[in-house]
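Here is how the chains run, residue by residue.
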Amino acid sequence: MIKYEFNSYVNLYKAKVGNFCNHSNMFQVNSYFCIIPYFRRGKEISVFAPNLFIRKMRHKEFFLSILMLVSIGITQIQAICSVFQILPKPQHIEELKGKGISGTDLQFIVNQSSGEMPVLGPILNALPQAEMPGKGVYLTITDKDVPESEEGYVLSVNEKGVVIAARSEAGLFYGCQTLEQVLEDSRDYNCPIPAMKITDFPSIAYRAVHLDTKHHLDRMEYYYAMMDKLARYKINAVIWELEDKLRYTRRPEIASPNAISKQEMQALCRYAKERNIDVSPLVQGLGHASFILKHHWELRENPKSDWELCPSNPETYDLLYDLYADALEAMPYGKYLHIGGDEITAIGIDKRCKDTGKTAFELQMYWLQNVCNYAKEKGRVPIFWDDMPLKYAGLWTTILSDMSGEELDKAWNTEKLDQAIELFPKDCIYMRWNYGDATKPAHMKLLNWYKEKGLQVMAATAASSGDSPFLPRNNTKAGFIQGFSRLVVENHLAGILATAWDDGSPHLETVWRGYIAQGEFGWNPTGRTIDEFMEAHGQREFGFKAGENRMNFLKELEEAFFFFDGALVESGRRNPAWGTTTFTLIDLPDQEKPGEWAEKYKEKIIQAEKESLRFEKIRKQLTDARKMARRNRYTLEIYEQNNYLQNYPVRLILALRDYDLATHEQQREEAQMKLAEVCSSFSSMRTRLEEVYSKTRFMEQPAGYIEDMNHHNHLSAKSQNSDWLFLYELPMVEKVQKWLNSKTIK
């Protein structure tokens, strides 16, 4: 007889009803079974386990007997082994012996330390905050056996209840956020919570998202809800790009008529601080100064553009410092002052700058030194977009390239940067922005240069890079966020920011998956793959159990918008990130030349047919998703309206095809009626989209709003209402309707 040690050879077992967990999933097994250990054919074996003894059985008999027991438990394991999806994924989850608890067992929560109770999620907040009989949650601050990070914590579950230990209030707060998610899953899926120990801490200390409100505002209550959700996913900072959306008291002419007051902003920042979120302002300048130069033409570097301030005019600094002062008062708890400074196109061209004898590079750095000094005097750390020195040094194209190896070595030349190193303020943080793949060799080489020069660097990736008015693409850029987050850890950078540019001004609900990806990968860059993250995101945000693939519609919707972007035009671009252009709409059929139109636009028609099927697939999946969602149905409503919008050009193209290919008068009349129906449906489609969007977002600019006048040509900054969303659709519908009403159409 061959004896097998139970603990070594039985891969998965349960001797009595209990609970198990591993590093990625927790589960419970409710039957006596084991998985067969390895043994050779024909050998007699014994497997020892509590309450289970198998003696002197041949291979085949043993296999058949055990298989029946295994099958009982395997189904249960598969059903519940992925129930608990903590997001971001904790650094370590350890299985403990003994029983766990039911999610409904907890009767109270108490803070055994002297501090205040941290802000709690709705489940924990419903518990009495006084000790009483039964199982409870105990919070304690200690420096023993807890992570070194101020935001780290240890969460232990056993049959007596839950203990969360941390060295600071921030750690307790995040431990409670994790427990809230565990309780949420336990409730949603009626699953016991196993005995376990979670030891968790962030890989990156500063994990920020970018809130850009330069072209729109949401309702104030939306920003409060935003802080709650960011805290849920352990985001601890917001850099808010204000432009004209703060009611500046020192320079009231700069503020938009619907700007947020300083008092309102202070209250929101206090609310965020209570949730361990640092809110810091971004006040744009030297470039991106349209919100200022609409009102102060005398400060323009180029009289024909409202893009750049003149760095040689002392009044530029008087005005900027007033705006900074108001912003810092409105956001009193923040650590940073982001002063912008990117994408300059023309400085050194006016007389004041020419008279200084400085180059454009020197003028840029002169401005940077001045505003950095102001920030330091006010107790803030300045942050500066880093692209302009790289452009002046001739490195920008190389940094964005795919070059590597010998080719990169030949192209790499930092001589101009090295010569100008004394112009770089040492107490400034250089925000290294890269909204694509930051792991390319050229980009990594740049990070090494910064390190060699002793300059502080913070990463900037993107949840939305401004390339679409409707929704971000590429899995909401989650892969790029993960890649840059890994580099932050490897290179010990100062933190990471997930930008969400308002250039395209998509509804923020479509950006949230990117924000949440920053929460996931900023905390733990290697914990999940992108596919695993998307499943976890679906469960956390909507209650879709991981593995059910209920989020597939979003990948399809991202793909669908690529056709939508140019479906109705022969030429032109409405990509705000690269600048919109003039456009030429597609032609209309000539009834005297049937079939000619369909041949001309054959490729568009083929793709429209595919997109019609895709639309229906997305529609059905979204309908099911809204029915099955446990929370955040509003996000699904936004996706649903975007789906109807992207389908509109498809319907129009296919209706035009049917008219063009009609072979007799009755077919042509039917096709004409269908075209008229599609055109008339545009108004109701638009109305419904605006109704849904406006539940949180203001859809029109306030009275007195002045449009931008610069080369960036952001659509949402050039209309008073939402016409910009339908840049091609509005004129195309008008064109078709006139055509239908003309005398030549019978």
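All values reported here derive from a predicted model rather than from experimental measurement. (Residues numbered from 1 in each chain as written. Predicted model: local features only at pLDDT ≥ 70, side-chain atom pairs only at ≥ 80, totals over all residues. Heavy atoms only, no water.)

Residue-level account of the overall build of the protein, with values.
On a plain count of helices and strands, the protein comes out with 24 helices and 23 strands. Classification of the 746 residues of the protein by burial places 59% in the buried group. If you sum the accessible surface of the protein, you get close to 30,900 Å²; carbon and sulfur atoms cover 50% of it. (Helix = DSSP H or I, 4+ residues; strand = E, 2+ residues; numbered from the N terminus. Buried < 20%, exposed > 50% of the residue type's maximum accessible area, 1.4 Å probe, protein only. Areas by Shrake-Rupley, 256 points an atom, 1.4 Å probe, with all protein chains shown as cover.)

So what's going on with the pairing of strand 16 (residues 278–282)? Residues and values would help.
Among the five residues that make up strand 16, five are buried, leaving the element largely enclosed by the rest of the structure. Neither face of strand 16 is open: one carries Asp278, Ser280 and Leu282, the other Val279 and Pro281, and all of them are buried. Two elements, strand 15 (residues 237–241) and strand 16, share five bridges in a ladder whose sense is parallel. Counted as the bridge partner of Ile239 is Ser280 from strand 16. In this region the chain leaves strand 15, passes through helix 6 (residues 262–273) and returns to the parallel neighbour strand 16; the handedness of that crossover is right-handed. (Pairing = 2+ DSSP bridges. Right-handed = clockwise from strand over helix to strand, strands pointing away.)

Any details on the environment of Ile399? Residues and values, ideally.
By secondary structure assignment, the location of Ile399 is in helix 12 (residues 396–399). Each C-alpha atom, one on Ile399 and one on Pro441, is 8.6 Å from the other, the two residues being 42 residues apart in sequence.

Any details on the packing of aromatic side chains? Residues and values, ideally.
Enumeration over the complete set of coordinates arrives at 36 aromatic pairs. A centroid spacing of 5.2 Å and a plane angle of 10 degrees characterise the contact between Phe470 and Phe561, whose relative ring orientation is stacked. Taken together, the residues Phe470 in the loop between strand 20 (456–464) and helix 16 (478–491) and Phe561 in helix 19 (residues 552–566) connect sequence positions 91 residues apart. Judged by relative accessible area, Phe470 falls into the buried class, the value being 0%. Phe561 sits in the buried class, given a relative accessible area of 0%. Here the aromatic rings of Trp597 and Tyr601 are separated by 5.1 Å at their centres, their planes lie at 55 degrees, and the arrangement is tilted. A connected cluster of aromatic rings, assembled from ring pairs, spans Trp367, Phe384, Phe424, Tyr430, Trp449 and Tyr450. Seen from the ring of Tyr366, Lys358 lies directly overhead, with NZ or CZ sitting 5.2 Å from the centre. (Phe/Tyr/Trp six-rings, centres within 6.5 Å; stacked < 30°, edge-to-face > 60°. Lys NZ or Arg CZ within 6 Å of the ring centre and 35° of its normal.)

Help me get a handle on the nonpolar core, residues and values and all.
Among the nonpolar cores identified, the biggest contains 157 residues, and Ile164, Tyr223, Trp240, Met265, Trp367, Leu368 and Tyr515 are the most heavily contacted of them. Look past the residues within four positions of Tyr223 in its chain and what remains in contact with it is Leu211, Thr213, Leu217, Asp218, Trp240, Ile260 and Leu268. Leu471, Ile605, Leu652 and Ala671 belong to the second-largest nonpolar core, a separate cluster that totals 61 residues. (Core = buried A, V, L, I, M, F, W, Y, C linked by side-chain atoms within 4.5 Å. Contact = heavy atoms within 4.5 Å.)

Can you lay out the side chain of Asp387 for me, pointing to particular residues and giving the numbers?
One can find Asp387 in helix 11 (residues 387–392). Under the relative-accessibility criterion, Asp387 is labelled buried at 0%. Side-chain polar atoms of Asp387 contact the backbone nitrogen of Glu343, separated by 3.0 Å. Excluding residues that lie within four positions of it along the chain, Asp387 makes contacts with Asp342, Glu343, Trp396 and Trp433. (Polar contact = N/O pair within 3.5 Å; in protein donor to acceptor, adjacent residues only side chain to side chain.)

Tell me about helix 6, and please be specific about residues and values.
Residues separated by three or four positions in an α-helix point in the same direction, a consequence of the helix having 3.6 residues per turn. Compared with the 16 Å implied by 1.5 Å per residue over 12 residues, the 16 Å span of helix 6 between its first and last C-alpha is a close match. Among all positions in helix 6, only Lys262, Met265, Leu268, Cys269, Tyr271 and Ala272 are buried. Buried-residue contacts for helix 6 involve helix 5 (220–232), strand 15, strand 16 and helix 8 (314–330). (Expected span 1.5 Å × (residues − 1).)

Talk me through the side chain of Ser401; I want residue IDs and the actual numbers.
Relative to the helices and strands, Ser401 is located in the loop between helix 12 and helix 13 (405–411). Residues in contact with Ser401, not counting those within four places in the same chain, are Lys440 and Ala442.

Outline the pairing of strand 15, supporting the account with residue identities and numerical values.
Counted residue by residue, strand 15 has five buried out of five residues, so it is predominantly covered. Of the two faces of strand 15, the one lined by Ala237, Ile239 and Glu241 and the one lined by Val238 and Trp240 are each fully buried. What joins strand 14 (residues 207–212) to strand 15 is helix 5, and the crossover it makes is right-handed.

Run through the sheet that holds strand 13 (residues 196–200), naming residues and quoting values.
Strand order in the open sheet formed by six strands is 8-13-11-12-10-9, and the pairing between neighbours is mixed. Here the strands that pair on one side only, and so sit at the sheet edges, are strand 8 (92–95) and strand 9 (106–111). When the angles between neighbouring strand axes are averaged without regard to direction, this sheet yields 15 degrees. Its contacts with the sheet put helix 4 (residues 169–189) on strand 9, strand 10 (135–141), strand 11 (153–158), strand 12 (161–166) and strand 13, and the angle it makes with strand 12 is roughly 150 degrees. (Axes fitted to C-alpha atoms, helices over the stretch in contact; angles between N-to-C directions.)

Kindly report on helix 10 (residues 360–377), identifying the contributing residues and their values.
A rise of 1.5 Å per residue sets the reference length of helix 10, with its 18 residues, at 26 Å; its end C-alpha atoms lie 26 Å apart and thus fit the reference within 8%. Taken together, the buried positions of helix 10 are Phe361, Leu363, Gln364, Met365, Trp367, Leu368, Val371, Cys372, Tyr374 and Ala375.

Please set out the environment of Glu362 residue by residue, giving values where relevant.
Structurally, Glu362 can be placed in helix 10. For the pair formed by Glu362 and Ala420, sequence separation is 58 residues and the distance between their alpha carbons is 8.6 Å. For Glu362, the residues in contact, after removing those within four places along its chain, are Gly357 and Leu423.

Run through the pattern of salt bridges, naming residues and quoting values.
A complete count under the given rule lists 52 salt bridges for this structure. Among the salt bridges present, the one from Arg513 reaches Glu558, with a minimum N-O distance of 3.2 Å. In this pair, Arg513 is assigned in helix 17 (residues 512–523) and Glu558 in helix 19, connecting sequence segments 45 residues apart. Classification of Arg513 as buried rests on a relative accessible area of 2%. Asp658 is the partner of Arg657 in a salt bridge, and the nearest nitrogen-oxygen pair spans 2.9 Å. The class for Arg657 is buried, based on a relative accessible area of 18%. Owing to a relative accessible area of 37%, Asp658 belongs among the partly exposed residues under this scheme. Connected through shared salt-bridge partners, Glu184, Asp185, Arg187, Asp188, Arg232, Arg540, Arg630 and Arg631 make up one network. (Salt bridge = Lys/Arg side-chain N within 4 Å of Asp/Glu carboxyl O.)

Outline the packing of helix 23 (residues 665–693) against helix 24 (residues 729–741), listing residues and values.
At a minimum axis separation of 10 Å, helix 23 and helix 24 run at an interaxial angle of 145 degrees. Judged by the twist between their axes, the crossing of helix 23 over helix 24 is left-handed. Between helix 23, through Gln672, Leu675, Ala676, Cys679, Ser680, Phe682 and Arg686, and helix 24, the contact on the second element is made entirely by Glu729, Leu730, Val733, Val736, Gln737, Trp739 and Leu740. Residues belonging to the contact of helix 23 with helix 24 are distributed by class as follows: nine nonpolar, three polar and two charged. (Left-handed = near helix turned anticlockwise from the far one by under 90°. Nonpolar A, V, L, I, M, F, W, Y, C, P; charged D, E, K, R; others polar.)

Go over the environment of Ser742 with me, naming the residues and quoting the values.
Tracing the chain through its elements places Ser742 in the segment after helix 24. Within the structure, Ser742 has its side chain in polar contact with the backbone oxygen of Trp739 (distance 2.8 Å).

Please provide a residue-by-residue account of unusual backbone geometry, values included.
With glycine set apart, most residues show a phi of negative sign, and most peptide bonds adopt trans. For the peptide bond that leads from Leu87 to Pro88, omega is 5 degrees, which places it in the cis range. Note on placement: Pro88 falls in the loop between helix 2 (59–80) and strand 8. The amide bond that connects Gly285 to the next residue, Leu286, takes the cis arrangement and shows omega of 15 degrees. In this structure, Asn632 takes a positive phi of about 55 degrees despite not being glycine. Residue position: Asn632 is located in the loop between helix 21 (602–628) and helix 22 (633–660). By relative accessible area, Asn632 is classed as partly exposed at 26%.

Quick rundown of the state of the cysteines? Include the residues and the values.
Joining two cysteines, a disulfide is a covalent bond between their sulfur atoms. Summed over all chains, the structure comprises zero disulfides. Here Cys372 is not disulfide-linked; the sulfur of Cys428 is the nearest cysteine sulfur, at 3.9 Å. (Disulfide = S-S within 2.5 Å.)

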